[in-house]
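Residue-level structural notes
One-letter residues, chain by chain:
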Amino acid sequence: MRFTNPKHSLSTLDPSGESPVSLLPTTPEDMWHAHNLIAPSDLLRAHAIRKVVTTGSTGSTTSDRVHTDLTIRVQSVFFDPAASSLHVSGTVCQENQYVSLGQHHTLDLELNRPFQLWKHSGWDSVSLKMLEEAVAEDTGEAMCAVVMQEGLANICLITEFQTVVKQRVEANIPKKRAGGSASQGGMTSFYEKTLATLLRTVDFSQPRPLLLASPGFVAQDFRGYMQSEGQKRTDKKLQRMAKDAVVVHSSTGYVHSLNEVLKSPEVQATMRDKRFTGETALMDQLYDRLRKDDGRAWYGAKPVERAVKEGAVGRGGGVLLINNKFFRSLDIKTRKRFVALVDKVKEDGGEARVLSSDHESGQRLDALGGIAAILTYPIYDLDEDEVEEGGEGEESGAAAEEGAMII
Amino acid sequence: MARHQNIRNLDYEAELEEYGAFSDEEEEELSPEDQVRMREGTAQVLEALGVEAHKVPKTQIEESLWHYYWDVDKTITYLISKYIDPPKKPAKTAPPKTAPKQDVATAGKKSANVHNKKGSSSADGVTNQVSQLKIDDTPLPKSRNLNVLSEFEKQKGKKTASFVVVGHVDAGKSTMMGRLLLDLNVVDQRTVDKLRKEAEKIGKTSFALAWVLDQRHEERSRGVTIDIATNRFETETTSFTILDAPGHRDFIPNMIAGASQADFAILVIDASTGAFESGLKGQTREHSLLIRSMGVSRIIVAVNKLDTVNWSQERFDEITHQVSGFLTATGFQPKNIAFVPVSGLHGDNLVRKSTDPAASWYTGKTLVEELEASEPSARALAKPLRMTISEVMRTPQSSISITGRIDAGSLQMGDALLVQPSGEKAYVKSLQVDDGEPADWAVAGQNVVLHLSNIDPIHVRVGDIVCDPAKPIQCVDTFTLKALAFDILMPMQVDVHRGRLHAAGKIEAIDAILDKVTGKVTKKKPMIVKPGTVSRVRVTLHSKVPLEAGQRVVLRSGGQTVAAGLLE
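In this text, all values refer to a predicted model and were calculated from it rather than measured experimentally. (Residues numbered from 1 in each chain as written. Chains lettered and ligands numbered in written order. Predicted model: local features only at pLDDT ≥ 70, side-chain atom pairs only at ≥ 80, totals over all residues. Heavy atoms only, no water.)

**Points about the overall build of chain A**
- The helix and strand inventory of chain A stands at 13 helices and 16 strands.
- Residues counted as buried form 50% of the 407 residues belonging to chain A.
- Restricting the contact set of chain A to residue pairs at least 6 apart, pairs at least 24 apart contribute 68%.
- Surface accessibility of chain A: about 19100 Å² in total, with carbon and sulfur atoms responsible for 50%. (Helix = DSSP H or I, 4+ residues; strand = E, 2+ residues; numbered from the N terminus. Buried < 20%, exposed > 50% of the residue type's maximum accessible area, 1.4 Å probe, protein only. Contact = heavy atoms within 4.5 Å. Areas by Shrake-Rupley, 256 points an atom, 1.4 Å probe, with all protein chains shown as cover.)

This is the structure we're talking about:
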């Protein structure tokens, strides 16, 4: 994504939101960025094709498809990750010759067509950060990973910001029967299916890293199959792909096993400075702390908010982890609350990381409720006050203080 | 000219009237005699249907009467099968004679599309009245309406039992079982010699006996068991089914599938120096935990490879002491644990007592004697039919055949079954029990092969549940589990395993920590659950899966077992 006008940049942005920001998406992943930036009740202006029905005097109706620019007030946003398409629906708020005020329209944002965005309540720190990431330079090819087990394969594309499951291959592998070797055929047809799907859904014209992960021997055998197929078809590209493919161990063929895959030393070596390696490491740190149960790690909106208000997430190791899914569909009031949390942590000197909820690390955080924090000092009973009824304000303050003193 | 208003406003009704009326001819053409017959027939049908008559539309009665040429009996049977399904299981209703079969196929109608929604009780009234009527011979499998339970009582053959063989990788499970089968003459020496020659070719001579069970190409070339291998043998008192499980961590889901089918377990331990200790850190412990979680209460520990330590009694005692320690801690009762020193390769103490002088200090039972002494658990014969599908294949008898163990209930040839989660109905064309013998019926505890008809193979997969259409199992995507944690639990992604069924899901929330002994709530909504504690957790799955309360489920994450428990 970049600014339509090359002279514009982040520094020239008007944070109050009164003047629009004009952006031009260039890659499919920019649609994902747009998904983060466009929120309900914002104003969006983009190119649209509107069906206009005109009735002539003879009673014959003609419908024309007209190209216009429409400005709508956003009501809902729908993002399709597999196709990387964004549909924004809302009501028209600027009349023109074809549409009247208040009519509904759904804008499909297209690549290489600029759009203009007016944020409803201005650009806060979180949305500025997202915009910054959106206009940053593209950092190379997405990695392709196939997580498989016997009879199941998940073909995923791991980009900087999201992990998209491109396709799922399932096959029924007949079990061995006494004396027969029919199961050999079963697995081979499964590999065939998987290879065909892989070549169809992921574009390999540019060389990109390919990861094969499975429990047992499935990934190894699949790579062997790829090599033999490459030789049989004398397909140089396929042979090279098979040679460069990295086989990693995972415990299952389900998508969430990608976690273990991304932690493995082979992947770490090749993808050291990518965003997801950092996020995975952070989530591991959080999990370790939670296991230790030393009061320095908490998850869930209420405990984390209390911890931050107290200033426990600050200089010296305090980290606030929030999923960006949190910010996408919140109403204005709640969004302000959480943006304030992020700002407070930054003020206190701690680290506030907005995790991409479409990566495996974000999925793990999602399972915990979408928000978690590592504190600089232990607090032990941030969750106990939920059970007690009434007297929340004072009691929680007292309890928190006590907790702080127990160190 | 399709846009011309004349064309667009054309009144088709008026046009067609010119060509003569196509109104319903049937009724107008009924002769007076036919009308009388129709009236009488309808009256008779309504009388016979009695209380259920409101379910059948009158037009349908008339049509069927016309179709069957005024045969009231046939009409009634057809209408019952179409609108009011009688119970299919004779074992369920008290008088076995009043249970006419529902698979009456008429005029090419696919009965498979009929879903039975009613329970058996309300159909009793109808079936009692209809019991005197004849039933058509049908193209679908004919059931003999046996009372399966009484047949089973009458037969009183050998007991059947299944046991699963578990243990750390390379403990010698497959080899031991191969040797057992050889010594019991289930497999002859010539076959083993042939296997040995083949094994030599790829340099795996020592695996020759294991190849009796490991038949897959990958298993043989790599020298590992990947999936459960089943085999059978009989002694004087019992007919046993062996389930040889894999020992590798990666294949634990397959081991869970095997353990869910077993009545008791044999834990194989490698007694050679160093191997025992590494096994303890590895799968020996995890397998024992899983076995206990699956509800197996009797375990026989076979201390293997003692010939490598010269049948040292101290080594045996040391191992016995340590293992019984953690087995009792896991929850096995000491009287249900037995220890047998064996050598799987040479066959000592498997079927015959050891002839090695160094082993003369052992005077207990051999492995087979221990197995015979074990009592299989009570079978749930009277409960609704539940069977887990462990294999799906094509055979000469049918385009789709399934294998599995009947967990509860009973079935017979000609029965209608419901496959969940697809919800499709199928009919049992024929069935085989215990290694290929054709039979008419089967009960809980038996491993059967069912040949099905009237169902599309894509609806049937390994891990699906076959159940009684009258009392189907529900498909759920969230459930509550009372689980014992083996590792720290918090809301996280897990794999859910129940027998052959494996699904991905996540722990949505931890409701409460419960007291191990009393079961009362000690802490609500905890952040994490420490290992060794019992808690109530809510799990959501990514897709709907057939589960019901009382089943045992295992949760795994990151290659380790994190919890196991009972569904609520």
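**Examining the overall build of chain B**
- In terms of regular secondary structure, chain B is built from 16 helices and 22 strands.
- Counting across all 568 residues of chain B, residues that qualify as buried make up 54%.
- Pairs at least 24 apart in sequence give 71% of the contacts found in chain B among residues at least 6 apart.
- Surface summary for chain B: the accessible area is close to 25700 Å², and the carbon and sulfur share equals 50%.

**Concerning empty space enclosed by the protein**
Residues and elements named next belong to chain A.
- With the rule as written, the count across this model stands at 4 cavities of 30 Å³ or more.
- One number sums up the size of the largest cavity: a volume of about 70 Å³.
- Forming the walls of the largest cavity are N36, V126, K129, M130, E133, R275, N324 and V354.
- Among the elements that line the lining of the largest cavity, the one with the most residues is helix α2 (residues 125-135), at 4 residues.
- Of the residues belonging to the lining of the largest cavity, the class tally is 3 nonpolar, 2 polar and 3 charged. (1 Å grid on protein atoms, 1.4 Å probe; cavity = no way out; pocket = protein on both sides within 12 Å on 5 of 7 lines; lining within 4 Å. Points joined across faces, edges and corners; volume = space filled by probe spheres on them. Nonpolar A, V, L, I, M, F, W, Y, C, P; charged D, E, K, R; others polar.)

**Notes on the sheet that holds strand β8 (residues 143-149) of chain A**
All names here are of chain A.
- Sheet architecture is open: 5 strands sit in the order β10-β9-β8-β11-β12, paired in mixed fashion. Every other strand in the sheet has two partners, leaving β10 (163-170) and β12 (246-249) as the edge strands with one partner each. This sheet shows a mean twist of 20° between the axes of neighbouring strands, independent of strand direction.
- Strand contacts of helix α4 (residues 218-232): β8, β11 (210-214) and β12, with the helix running at about 135° to β11, the strand carrying the most contacts. (Pairing = 2+ DSSP bridges. Axes fitted to C-alpha atoms, helices over the stretch in contact; angles between N-to-C directions.)

**A short note on the nonpolar core**
- Counting residues in each nonpolar core, the largest one holds 93 residues, and the members touching the most others are I38, L44, F115 and L320 of chain A together with L555 of chain B.
- Among all residues touching F115 of chain A, those that are not within four sequence positions of it are M1, V21, S22, L23, P25, A34, I38, L44, R45, A46 and L109 of chain A.
- Core analysis: the second largest hydrophobic core is formed by 71 residues, V192, L195, A199 and V303 of chain B among them. (Core = buried A, V, L, I, M, F, W, Y, C linked by side-chain atoms within 4.5 Å.)

**Quick look at the interface of chain A and chain B**
- Chain A puts 37 residues into the contact, and the matching count from chain B is 43 residues.
- Between chain A and chain B, a total of about 3500 Å² is buried, with carbon and sulfur atoms accounting for 52% of that surface.
- Inspection of the region where chain A meets chain B yields 4 salt bridges.
- Residues D221 of chain A and R222 of chain B are paired through a salt bridge, measuring 3.3 Å at the closest nitrogen-oxygen approach.
- At the surface where chain A touches chain B, the tally comes to 9 residue pairs in polar contact (both at pLDDT 80 or more).
- The set of elements that each furnish at least two residues to the side of chain A that touches chain B consists of α3 (182-201), α4, α6 (258-263), α8 (275-292), β13 (297-299) and α12 (360-367) of chain A.
- Across the side of chain A that touches chain B, the residue classes tally to 12 nonpolar, 13 polar and 12 charged. (Buried area = accessible area lost by both parts, 1.4 Å probe. Salt bridge = Lys/Arg side-chain N within 4 Å of Asp/Glu carboxyl O. Polar contact = N/O pair within 3.5 Å; in protein donor to acceptor, adjacent residues only side chain to side chain.)

**A look at the UniProt feature "domain: eRF1/Pelota-like N-terminal" (unreviewed entry) in chain A**
- In the numbering used here, UniProt assigns the "domain: eRF1/Pelota-like N-terminal" (unreviewed entry) feature to residues 8-136 of chain A.
- In residues 8-136 of chain A, the share of helix is 16% and the share of strand is 42%. The end C-alpha atoms are 14 Å apart. (UniProt positions renumbered as here; feature names shortened; annotations may be inferred.)

**A closer look at the packing of α4 of chain A against helix α5 (residues 236-244) of chain A**
Residue and element names in this part refer to chain A.
- Packing of α4 against α5 leaves a shortest axis separation of 8 Å and a crossing angle of 155°. Between α4 and α5, the interaxial angle falls into the category roughly antiparallel. Handedness of the crossing formed by α4 with α5: left-handed. Contacts from R223, M226, Q227, E229, G230 and Q231 of α4 reach α5 at L238, Q239, M241, A242 and K243.
- Here the contact of α4 with α5 is built from residues that sort into 4 nonpolar, 4 polar and 3 charged. (Parallel < 35°, antiparallel > 145°, perpendicular 65-115°, else oblique. Left-handed = near helix turned anticlockwise from the far one by under 90°.)

**Brief notes about the packing of helix α4 (residues 32-49) of chain B against helix α6 (residues 72-83) of chain B**
All names here are of chain B.
- Between α4 and α6, the least distance of the axes is 10 Å, while the angle of their chain directions is 50°. Between α4 and α6, the crossing angle belongs to the class labelled oblique. The way α4 lies across α6 gives a crossing that is right-handed. Judged by residue contacts, Q44, V45, A48 and L49 of α4 engage V72, T75, I76, L79 and I80 from α6.

**Points about the side chain of T284 of chain B**
- Within the fold, T284 of chain B resides in helix α14 (residues 283-293).
- Apart from residues no more than four positions distant in its own chain, T284 of chain B is found in contact with H168, L267, I269, G279 and F326 of chain B.

**Considering the pattern of salt bridges**
- For the coordinates displayed, the defined rule picks out 33 salt bridges over all chains.
- In this structure, K119 of chain A and D42 of chain A form a salt bridge, with 3.2 Å as the shortest nitrogen-oxygen distance. Taken together, the residues span a long stretch of sequence, with K119 of chain A in the loop between β7 (115-118) and α2 and D42 of chain A in the loop between α1 (28-37) and β3 (43-55) at a distance of 77 residues. As far as burial versus exposure is concerned, K119 of chain A and D42 of chain A are alike and both buried.
- Across the salt bridge formed by E150 of chain A and R216 of chain B, the nearest N and O atoms sit 2.8 Å from each other.

**Section: the domain arrangement of chain A**
Residue and element names in this part refer to chain A.
- According to the domain assignment, chain A contains domain 1 (2-135), domain 2 (143-175 + 182-270) and domain 3 (276-374).
- Counting from both sides, the interface comprises 7 residues of domain 1 and, opposite them, 6 residues of domain 2.
- Surface buried jointly by domain 1 and domain 2 totals about 580 Å² across both partners, of which 54% is contributed by carbon and sulfur atoms.
- Considering only the surface of domain 1 that becomes buried against domain 2, E29, W32 and A82 emerge as the three largest contributors, covering 68% of it.
- On inspection of domain 1 and its partner domain 2, the count reaches 0 salt bridges.
- Linking domain 1 to domain 2 there are 1 residue pair in polar contact (both at pLDDT 80 or more).
- Among the elements that make up the side of domain 1 that touches domain 2, the one with the highest residue count is α1 (3 residues).
- Of the residues that constitute the side of domain 1 that touches domain 2, the class distribution is 4 nonpolar, 1 polar and 2 charged. (Domains from an automatic or database assignment.)

**A word on the domain arrangement of chain B**
- Partitioning chain B into domains gives domain 1 (37-81), domain 2 (159-373), domain 3 (386-467) and domain 4 (475-567).
- Each of domain 1 of chain B and domain 3 of chain B has a C-alpha centre, and the two are 34 Å apart.

**Points about the state of the cysteines**
- What the rule picks out here adds up to 0 disulfides over all chains.
- There is no disulfide at C144 of chain A, and the cysteine sulfur nearest it, in C156 of chain A, is 7.8 Å away. (Disulfide = S-S within 2.5 Å.)

**Brief notes about the confidence of the model for chain B**
Residue and element names in this part refer to chain B.
- Per-chain confidence: chain B averages 79 in pLDDT, with 85% of residues scoring 70 or above.
- In the model of chain B, helix α3 (residues 25-29) stands out as the element of lowest mean pLDDT, 48, in contrast to strand β21 (residues 552-557), which has the highest, 90.
- Here residues 87-123 scores under 50 on pLDDT; set against residues more than four positions off or in separate chains, the count is 89 contacts.
- Here residues 132-138 scores under 50 on pLDDT; set against residues more than four positions off or in separate chains, the count is 12 contacts.
- Interface predicted TM-score (ipTM) for the complex: 0.75; the corresponding pTM is 0.72. (pLDDT = per-residue confidence, 0-100.)

**Details of α6 of chain B**
- Here α6 of chain B spans 16 Å end to end across 12 residues, near enough to the 16 Å set by a 1.5 Å rise per residue.
- Buried within α6 of chain B are the following residues: V72, T75, I76, T77, Y78, L79, I80 and S81 of chain B. (Expected span 1.5 Å × (residues − 1).)

**Remarks on the sheet that holds β13 of chain A**
Residue and element names in this part refer to chain A.
- If you walk across this open sheet you meet the 4 strands as β13-β16-β14-β15, and the pairing is mixed. Edge positions in the sheet fall to β13 and β15 (351-355), since each has one partner strand and no second. The average angle at which neighbouring strand axes cross in this sheet is 15°, direction not considered.
- Sheet topology places strand β14 (residues 319-323) next to β15; 5 bridges connect them, and they run parallel. Residue pairing across strands places V319 opposite E351, the latter belonging to β15.
- Packing against the sheet, α12 makes contact with β14, β15 and β16 (371-374), and its axis sits at approximately 95° to β14.

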